[in-house]
Amino acid sequence: MIRLHQFPRCFGLPNPSPFCMKVETYLRLASIPYEVVDLHNPRKGPKGKGPFITDGARTIPDSHFILLYLKEVHGTPLGHGLDARERALHRALVRMCEEHLYFAAVRLRWMVPENAAIVRATFFAGMPAPLRPLIFLAARTKIRLDLMGQGMGRHTLAEAEQLGREDIEVLSTVLGDAPFFGGESPREVDCTTWAFVANLLVPPFRMRMKDAAAACPNLVAYHNRMMARVFPDLK
Ligand SMILES: N[C@@H](CCC(=O)N[C@@H](CS)C(=O)NCC(=O)O)C(=O)O
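How each quantity is defined
Residues numbered from 1 in each chain as written. Predicted model: local features only at pLDDT ≥ 70, side-chain atom pairs only at ≥ 80, totals over all residues. Heavy atoms only, no water. Axes fitted to C-alpha atoms, helices over the stretch in contact; angles between N-to-C directions. Helix = DSSP H or I, 4+ residues; strand = E, 2+ residues; numbered from the N terminus. Parallel < 35°, antiparallel > 145°, perpendicular 65-115°, else oblique. Contact = heavy atoms within 4.5 Å. Left-handed = near helix turned anticlockwise from the far one by under 90°. Pairing = 2+ DSSP bridges. Domains from an automatic or database assignment. Buried area = accessible area lost by both parts, 1.4 Å probe. Salt bridge = Lys/Arg side-chain N within 4 Å of Asp/Glu carboxyl O. Polar contact = N/O pair within 3.5 Å; in protein donor to acceptor, adjacent residues only side chain to side chain.

### With respect to the packing of helix α6 (residues 157-175) against helix α9 (residues 217-230)
Stage number 1. Their axes nearest at 9 Å, the elements α6 and α9 cross at an angle of 75 degrees. Considering the angle they form, α6 stands roughly perpendicular to α9. Here I168, L171, S172 and L175 of α6 lie close against α9, whose contacting residues are N218, L219 and Y222.

Structure below.
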């Protein structure tokens, strides 16, 4: 049985980490049995981040490599009928979300004081109360350094918001009138695109990126469609 080590659910979402949500969405869409293990400390993972999975004696970290492993072992039920161009476009969307939009959202979640207060109250709720401020401070300092290294931390908040909003415009335009990014039914790409759209729309963080996503009726309808299809138990 596959064990998915991921952050605890919150905000009524499958996961506050889009990478964890991507993997669990894939497992459900591909009908692969799994169980969830709550991960409180990402340092426990082989790459120091969540998610990772264990399958018997094997441990596989990183959402991309987890999906590669699942496809190797369980086949590619979400990949049939796509041509090379569609696969390339899907990959570009995934990379935009994971390597660009993600950092804009992290910047706004962690570096705007009122949003950071929500992070502290929710993501760190499971920590022993006396240690919570210290652990939160250490995590925030690490994230600030990560954001500087990646580059998003060097932009003003307004610039980060603008970069994020540009990505949302891409998502809304590419989705158009289609029910899913994969077309008539959800494909692998939807595991990522939905995880990012949902993580902007649902959590109570204040950011203009969220307002931009909420102002796209097709993205809102897409989120509701995916939620009803993949996580009806969380409705
Ligand atoms: N490339 C990784 C990214 C995973 C990732 O960035 N996870 C974040 C949560 S969204 C994390 O564990 N961060 C903890 C840290 O950096 O200390 C994947 O696809 O799984």
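Following the structure, the description resumes.
### Points about the packing of helix α7 (residues 188-201) against α9
Stage number 1. Between α7 and α9, the shortest axis-to-axis distance is 10 Å and the interhelical angle comes to 115 degrees. On the basis of their axis angle, the class for α7 and α9 is roughly perpendicular. Note on packing geometry: the crossing formed by α7 with α9 is left-handed. Touching D190, T193, W194, V197, A198 and L201 of α7 are L219, V220, Y222, H223, M226, M227 and V230, all from α9.

### Looking at unusual backbone geometry
Note: most peptide bonds trans; most residues except glycine with negative phi.
Stage number 1. Note the cis peptide between G50 and P51, where omega equals 10 degrees.
Stage number 2. With respect to the helices and strands, P51 occurs in the loop between β2 (34-38) and β3 (52-55).
Stage number 3. Although it is not a glycine, F11 sits at a positive phi angle of roughly 65 degrees.
Stage number 4. Among the secondary structure elements, F11 is positioned in the loop between β1 (2-6) and α1 (18-29).
Stage number 5. At S31, a position not held by glycine, the phi torsion is positive, near 55 degrees.
Stage number 6. Here S31 lies in the loop between α1 and β2.

### Quick notes on the pairing of β2
Stage number 1. Here β1 pairs with β2 via five bridges, running parallel. Paired with Q6 across the strands is D38, a residue of β2.

### Some details on the domain arrangement of the protein
Interfaces are often described in size by the accessible area the parts lose on coming together.
Stage number 1. Along its sequence, the protein is carved into domain 1 (2-74) and domain 2 (84-234).
Stage number 2. Computed over C-alpha atoms, the centres of domain 1 and domain 2 are 17 Å apart.
Stage number 3. Across the boundary between the two partners, domain 1 contributes 24 residues, which contact 28 residues of domain 2.
Stage number 4. With both sides pooled, the region where domain 1 packs onto domain 2 buries about 2,200 Å², and carbon together with sulfur makes up 72% of that total.
Stage number 5. When the buried area of domain 1 at its contact with domain 2 is split by residue, F11, R28 and L29 rank highest and sum to 26% of it.
Stage number 6. Inspection of the region where domain 1 meets domain 2 yields three salt bridges.
Stage number 7. The closest approach of N and O atoms between E188 and K71, which form a salt bridge, is 2.8 Å.
Stage number 8. There are six residue pairs in polar contact (both at pLDDT 80 or more) connecting domain 1 and domain 2.
Stage number 9. Mapped by element, the contributors of at least two residues to the side of domain 1 that touches domain 2 are α1 and α2 (63-74).

### Re the pairing of strand β4 (residues 58-61)
Across a regular strand the side chains alternate sides, sitting on one face of the sheet and then on the other.
Stage number 1. Note: β3 against β4, four bridges, orientation antiparallel. Bridging from a neighbouring strand, T54 pairs with T59 of β4.

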